[in-house]
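Read off the chains here:
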Amino acid sequence: MTLSVYMLDSPFNLDKNEIKKAVKAIMNFRTQPEYINSLEIALFHPQIDAQSWNKLLDSRGASKAYQDKIYSEPMVRLLTLKALLIPKFLPDFLIWIQTAPKPDDCWESCRKLQASIVTEYQKNIGGLPCLTRNVKDGIYSLLSRLITKPKSSKSDSTIKHKLRGLVHSKFDIPQLVKATKLLLTQKDGFWSQVYRVSFTKDLADALPKIPDLWEPGIITNYPEEQQKFLTNLQPFWRYPGKTDKNYLSLAQFFEEVEEPHFAAIFYQISTGEVPANIFYSLSRKGNVKKGTLFEMTLIRQKGWRDHIHSALYGDTYLVTDNLRLIIRGMVIGLLLGAIVLTTILLISSWWTSRYDKTLQASMDKKIADLEEKLKSAQASTTDTNNPETLTEISPENQERFNRTHEAIKAMIKNLTDDINKLETDDKNRIGIPENAHNDKMYIVLFCVKRRLGIDQNFQYGEIGKYNERWQEFSDAIKEYQKSKGANTPDGVIDKDGRIQRWLEEDIRNQCLNPHGG
């Protein structure tokens, strides 16, 4: 019997004995399709939650095996199954494996069980939607653990983690990064299959939506662990320049698994800049456009070329003539390829007082040639990697944006009842994506953009960051004001003002009206 028949026949008449039978069979490495299907159906059932799974799995010895560190093959398979069924357990499961006397044996038992499930998964990608959802949410839980601030003490330099009641005093973040990399790159692992096929795409789709989620906690309609992960990222888009060094391990992880676009984002978040090699690799692939990636501005880490260029061209009031000569001497020394730094400094100091005109002219020519090359290289880098420079929003525009944003928040409140009356078909007709059906702010912004004639891909989150983005939005407001007969269009929506009332009325009567235009 196929999965689809099971799903149609009994999604709300669940036989718990079938679930127990499936758990026992899989624990003993009998992974026939009917047992995997039983788990899929159980995950689909609304009454089977994490507490239910814990109770069922504990009856087979899951908690005892975890707490007492029982690493027999059946127990490894049982806890592998628990990590599949309860996403937030995955990080603890990996630590449990890594602290085993023979972790390689545990990994092999875990891999074999995953491989048997992958066989069913690969027959029809997406054929196990509930298990796939759980696996993706488990990966989000794992990534969140990589950024958890470690507990430490002055008397013990080892990073310690308290793991929901179980303390592994010798387990540190680098080990968890290593275990995560192994799990997500295993050749025939279920987690690695889902990671490659759909997780990375889902994360890439979710990141650019964060700028439009301005209110803390507004992220909804995602599984629990994904919701937590994305919500914690909001401040880094909301407050450009904010950093948190605890995300560095996540950046390093994505660099190790060769996901440079995610690595760039988390380097920017953790250190405030992106290593030049990652930045350039993305630029060459065309992934960094207009200086941004996933709606986040990236800042390239400066190298020795940048510092030399700054010394030669910028901040002249900070560089004395003697220091400029020393730096130029260093550059020439690099070109000659034979003089170490200390020798250059000594020679440069001597040179400033005793050089003759012929030597000075020769060296000036070399410096001029080098400066020209540096100019060309800098121009090329700028053209290639930063085709458009956005300027930080000015205080005046920030004040105008704040006024407009307050008006839009008031509109969301005033239009909530109208949104709540919409049926699913109405939202689909309007063009609201399914994952935003309950997101009132998204719906109102969607209608605002439509009414102002702005492309839906325009990121609302950027108008409070950049002058250019604000000006584009403000110009659209001005055109709307003119269309309504305003005598002095100013490009601002004031809270409880007539522009807000006009726009609100248009949205209610047209965008949110099932029978409107």
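Here is what the cut-offs are and how they apply
Residues numbered from 1 in each chain as written. Predicted model: local features only at pLDDT ≥ 70, side-chain atom pairs only at ≥ 80, totals over all residues. Heavy atoms only, no water. Axes fitted to C-alpha atoms, helices over the stretch in contact; angles between N-to-C directions. Helix = DSSP H or I, 4+ residues; strand = E, 2+ residues; numbered from the N terminus. Parallel < 35°, antiparallel > 145°, perpendicular 65-115°, else oblique. Left-handed = near helix turned anticlockwise from the far one by under 90°. Contact = heavy atoms within 4.5 Å. Nonpolar A, V, L, I, M, F, W, Y, C, P; charged D, E, K, R; others polar. Disulfide = S-S within 2.5 Å. Buried < 20%, exposed > 50% of the residue type's maximum accessible area, 1.4 Å probe, protein only. Expected span 1.5 Å × (residues − 1). Bend = angle between axes of the 7 residues up to and from the residue. Salt bridge = Lys/Arg side-chain N within 4 Å of Asp/Glu carboxyl O. Core = buried A, V, L, I, M, F, W, Y, C linked by side-chain atoms within 4.5 Å. pLDDT = per-residue confidence, 0-100. Arc of directions from axis to C-beta. Phe/Tyr/Trp six-rings, centres within 6.5 Å; stacked < 30°, edge-to-face > 60°. Lys NZ or Arg CZ within 6 Å of the ring centre and 35° of its normal. Patch = residues over 30% accessible without salt bridge, like charges linked within 9 Å, V, L, I, M, F, W, Y side chains within 5 Å. Areas by Shrake-Rupley, 256 points an atom, 1.4 Å probe, with all protein chains shown as cover. Lys, Arg positive; Asp, Glu negative; His and termini not counted. Charge placed at Lys NZ, Arg CZ, Asp CG, Glu CD.

> Is there a simple way to explain the packing of helix 13 (residues 248–256) against helix 14 (residues 260–271) in this structure?
Any two packed helices are characterised by how steeply their axes cross, that is the angle between the axes, and by the distance between the axes. The geometry of helix 13 relative to helix 14 is characterised by a closest axis approach of 8 Å and an angle of 160° between their N-to-C directions. As the angle between them shows, helix 13 and helix 14 are arranged roughly antiparallel. Of the two possible hands of crossing, helix 13 and helix 14 adopt the one that is left-handed. On the side of helix 13, the interface is formed by L248, L250, A251, Q252, F254 and E255, while helix 14 contributes F262, A263, F266, Y267, S270 and T271. Here the residues of the contact of helix 13 with helix 14 sort into eight nonpolar, three polar and one charged.

> Where do I start with the state of the cysteines in this structure?
Working definition of a disulfide: a covalent bond connecting the sulfur atoms of two cysteines. This structure, assessed with the given rule, holds one disulfide. A sulfur-sulfur distance of 2.2 Å marks the disulfide that ties C447 to C511. Residues C447 and C511 share a disulfide whose torsion about the S-S bond is about -70°; that sign makes it left-handed. Remark: C511 occurs in helix 24 (residues 498–511) and C447 occurs in helix 22 (residues 440–452); sequence separation between them is 64 residues.

> Explain the side chain of S109 here, please?
Note on placement: S109 falls in helix 8 (residues 103–123). Residue S109 is classed as buried on the basis of its relative accessible area, which comes to 9%.

> Before we go on, may I ask you to explain helix 11 (residues 190–206) in this structure?
One full turn of an α-helix is made of 3.6 residues, so residues set three or four places apart face in the same direction. With 17 residues, helix 11 extends 22 Å between its outermost C-alpha atoms, agreeing within 8% with the 24 Å of an ideal straight helix rising 1.5 Å per residue. Roughly 50° is the biggest bend found in helix 11, and it falls at R196. Inspection of helix 11 places F190, W191, S192, Q193, V194, Y195, S198, F199, T200, L203 and A206 among the buried residues, and these make up the whole buried set.

> Looking at this structure, I do not really get the pattern of salt bridges. What am I missing?
Close approach of charged atoms allows side chains of opposite charge to pair. A full pass over the atoms with the stated rule returns 19 salt bridges. With its nearest N and O atoms 3.2 Å apart, the salt bridge here joins R508 to D418. In this pair, R508 is assigned in helix 24 and D418 in helix 20 (residues 395–420), connecting sequence segments 90 residues apart. Its relative accessible area of 18% is what places D418 among the buried residues. Put simply, R508 and E504 hold a salt bridge, and the shortest N to O gap is 3.6 Å. A residue pair is termed a helical-turn pair when its members lie 3 or 4 positions apart in one helix, as R508 and E504 do in helix 24 at four residues. The class of R508 is partly exposed, set by a relative accessible area of 29%. If you follow the salt bridges from partner to partner, you end up with E108, R111 and D188 in one network.

> Sorry if this is basic, but what is going on with the nonpolar core here?
When a protein is soluble and globular, its nonpolar side chains tend to lie buried together. In terms of nonpolar packing, the biggest core is built from 95 residues, with F93, L233, F254 and F266 touching the most fellow members. The contact partners of F266, leaving out residues within four places of it in the chain, are F229, L233, Y247, L250, A251 and F254. The next biggest cluster of nonpolar side chains, apart from the first, holds 36 residues, and it includes A407, I432, F446 and W470.

> Honestly, the environment of S109 in this entry has me stumped. Any pointers?
Sequence-wise, S109 and P74 are 35 residues apart; in three dimensions their C-alpha atoms are separated by 8.6 Å. Excluding its chain neighbours within four sequence positions, the residues that come into contact with S109 are E73, V76 and R77.

> What exactly am I supposed to notice about the confidence of the model for the protein here?
Low-pLDDT portions of the prediction should not be read for the details of their coordinates. With 72% of its residues at a pLDDT of 70 or more, the protein shows a mean pLDDT of 78. Confidence, expressed as mean pLDDT per element, reaches its minimum in the protein at strand 2 (residues 156–163) with 34 and its maximum at helix 6 (residues 73–85) with 97. Low confidence marks residues 1–12, where pLDDT is under 50. Its contacts with residues over four positions away, or in another chain, come to 20 contacts. Segment residues 314–323 is flagged for pLDDT under 50; beyond a separation of four residues in sequence, or across chains, it makes six contacts in the model.

> What is the right way to read helix 24 from this model?
With 14 residues, helix 24 extends 19 Å between its outermost C-alpha atoms, agreeing within 8% with the 20 Å of an ideal straight helix rising 1.5 Å per residue. What helix 24 keeps buried is the set I499, Q500, L503, E504, D506, I507 and C511. Relative to the axis of helix 24, the buried residues are bounded by an arc of 160° and lie together on one face.

> Please clarify how the packing of aromatic side chains should be interpreted in this entry.
How two aromatic rings sit relative to each other is set out by the distance from centre to centre and by the angle between their planes. Here the structure, examined in full by the defined rule, presents 20 aromatic pairs. With a centroid separation of 6.0 Å and 20° between ring planes, the pair formed by F262 and F294 is classed as stacked. With a gap of 32 residues between them, F262 in helix 14 and F294 in the loop between strand 4 (292–293) and strand 5 (296–297) connect regions that are remote in the sequence. Neither F262 nor F294 differs from the other in exposure class; each is buried. Summarising the aromatic geometry, the rings of W470 and F473 are spaced 6.5 Å apart at their centres and angled 45° between planes, so their arrangement reads as tilted. Taken as a pair, W470 and F473 lie in helix 23 (residues 467–483) at a separation of three residues, close to a single helical turn. For the residue pair W470 and F473, the accessibility class agrees, reading buried in each case. What links up through ring pairs into an aromatic cluster is the set Y140, Y195, F199, F229, F236, Y247, F253, F254, F262, F266 and F294. A cation sits over an aromatic face here: K82 above F89, 4.4 Å from the ring centre.

> It is not clear to me how the packing of helix 20 against helix 23 should be interpreted in this structure. Could you clarify?
Relative to each other, helix 20 and helix 23 sit at 55°, their axes nearing to 11 Å. Relative to helix 23, helix 20 is oriented oblique. Regarding helix 20 and helix 23, the two cross each other, and that crossing is left-handed. Facing helix 20, whose interface residues are N397, R400, F401, T404 and I408, helix 23 presents N467, W470, F473 and I477. Partitioning the contact of helix 20 with helix 23 into residue classes produces five nonpolar, three polar and one charged.

> How do you make sense of unusual backbone geometry when you look at a structure like this?
Of all residues except glycine, most have a negative phi; of all peptide bonds, most are trans. For E258, which is not a glycine, the phi torsion comes out positive at approximately 60°. Inspection of the secondary structure assignment puts E258 in the loop between helix 13 and helix 14. The exposure class of E258 is exposed, given its relative accessible area of 67%. Even without being glycine, F294 reaches a positive phi, approximately 55°.

> Would you mind going over a positive patch on the surface with me for this structure?
There is a patch of like positive charges on the surface, built from K21, K24, R30 and R60. Residue position: R30 is located in the loop between helix 2 (16–27) and helix 3 (33–44).

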